[in-house]
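Residue-level structural notes
Okay, here's what each chain looks like letter by letter:
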Amino acid sequence: IHTLSPEGHNALQLAAANKRATRELIANLVERYPQGAQVPDQRGRYALHLACISGKFWDGGIADLFDANPDAIRSADSLGLLPFHLVCFRYCQSNETTTLPTTRKHHHRRQSSKISVEAIQREQTTEAREAEVLFQLLKADPTVL
């Protein structure tokens, strides 16, 4: 767990940066190696920063990383960005590229409407989870504004 990758990341940082890493993996790594959350990478980013960049949700690992190193929330990376900023930039970019399915044929209107409603519900759930990350980060450190 203490070994660094060629990029200088420890196992916790690698998991935080991986879009497919689960909350269970992150929680397990935090439990086994909590010091990993207190080590910045070459860009001054802690595991918390990397989780924010990779699109993790609060209940998807960010809370565990915050609990392991609450000071990371106030630590700017080499570009001067806090985890809050990274989340804001990520969500702004992802919302610009979001599109809903369109109906192409009239005889599939019911099915397409159902798909569109489901797509909208998924999008709203994702947006709510994104807002939860921003809310929790602001709650933890309101000075970022």
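Let me begin by describing the structure that accompanies this report. Since the model is a prediction, treat every value here as computed from it, not as a measurement. (Residues numbered from 1 in each chain as written. Predicted model: local features only at pLDDT ≥ 70, side-chain atom pairs only at ≥ 80, totals over all residues. Heavy atoms only, no water.)

1. Quick word on the overall build of the chain
The number of helices and strands found in the chain is six helices and zero strands. The order of α-helices and β-strands along the chain, N terminus first, is α-α-α-α-α-α. With 145 residues in all, the chain has 41% of them scored as buried. Carbon and sulfur atoms make up 52% of the accessible area of the chain, which amounts to about 9,000 Å² in all. (Helix = DSSP H or I, 4+ residues; strand = E, 2+ residues; numbered from the N terminus. Buried < 20%, exposed > 50% of the residue type's maximum accessible area, 1.4 Å probe, protein only. Areas by Shrake-Rupley, 256 points an atom, 1.4 Å probe, with all protein chains shown as cover.)

2. What about helix α3 (residues 47-54)?
For an α-helix the count is 3.6 residues per turn, leaving residues at separations of three or four pointing the same way. For α3, a buried count of seven out of eight residues is recorded, marking the element as mostly surrounded by other parts of the structure. All of the buried residues along α3 are A47, L48, H49, L50, A51, C52 and S54. Downstream of α3 by a residue or two, G55 has a phi angle that is positive, lying close to 90°.

3. A word on the side chain of K56
Along the polypeptide, K56 turns up in the loop between α3 and α4 (62-68). Nearest to the buried, unbridged K56 among oppositely charged side chains is E24, at 11 Å. Reaching out from K56, the side chain makes a polar contact with the side chain of S54 at a distance of 3.4 Å. Apart from the residues within four sequence positions on either side, K56 is in contact with A15, A16, N18, K19, A21, I26, A51, I62, Y91 and V133. (Lys, Arg positive; Asp, Glu negative; His and termini not counted. Salt bridge = Lys/Arg side-chain N within 4 Å of Asp/Glu carboxyl O. Polar contact = N/O pair within 3.5 Å; in protein donor to acceptor, adjacent residues only side chain to side chain. Contact = heavy atoms within 4.5 Å.)

4. Some points on the state of the cysteines
In protein chemistry, a disulfide is the covalent bond that joins the sulfur atoms of two cysteines. Using the criterion set out here, one finds zero disulfides in the structure. In this structure C52 is a free cysteine whose sulfur lies 9.7 Å from that of C88, the closest cysteine sulfur available. The structure places no disulfide on C92, whose sulfur is separated from the nearest cysteine sulfur, that of C88, by 6.4 Å. On the accessibility criterion, C92 (47% relative accessible area) is partly exposed. (Disulfide = S-S within 2.5 Å.)

5. Thoughts on helix α2 (residues 23-32)
Every buried residue belonging to α2 is among I26, A27, L29 and V30, and all of these are buried. Viewed end-on, α2 has its buried residues packed into an arc of 165°, placing them on one side of the element. In α2, the exposed positions that point more than 90 degrees away from the buried face belong to E24, E31 and R32. As for α2, its buried residues are in contact with α1 (11-17) and α4. (Arc of directions from axis to C-beta.)

6. Here we look at the nonpolar core
The biggest cluster of nonpolar side chains holds 32 residues, and the ones touching the most others in it are L12, W58, I62, L65, V133 and L137. If you list the elements that add at least two residues to this core, you get α1, α2, α3, α4, α5 (83-96) and α6 (109-140). The residues touching L137, leaving out its near neighbours within four places in the chain, are C52, W58, I73, P83, F84 and V87. (Core = buried A, V, L, I, M, F, W, Y, C linked by side-chain atoms within 4.5 Å.)

7. A closer look at the pattern of salt bridges
In the structure shown here, the tally under the stated rule is three salt bridges. Taking the shortest distance from any N to any O, the salt bridge between D64 and R23 comes out at 2.9 Å. Separated by 41 residues along the polypeptide, D64 in helix α4 and R23 in helix α2 bring together distant segments of the chain. You can call D64 buried: its relative accessible area is 14%. Here D77 ties to R45 by a salt bridge, and the two come within 2.9 Å at their closest N and O atoms. Highlighted residues: D77 in the loop between α4 and α5 and R45 in the loop between α2 and α3, separated in sequence by 32 residues.

In short, geometric facts, not functional conclusions.
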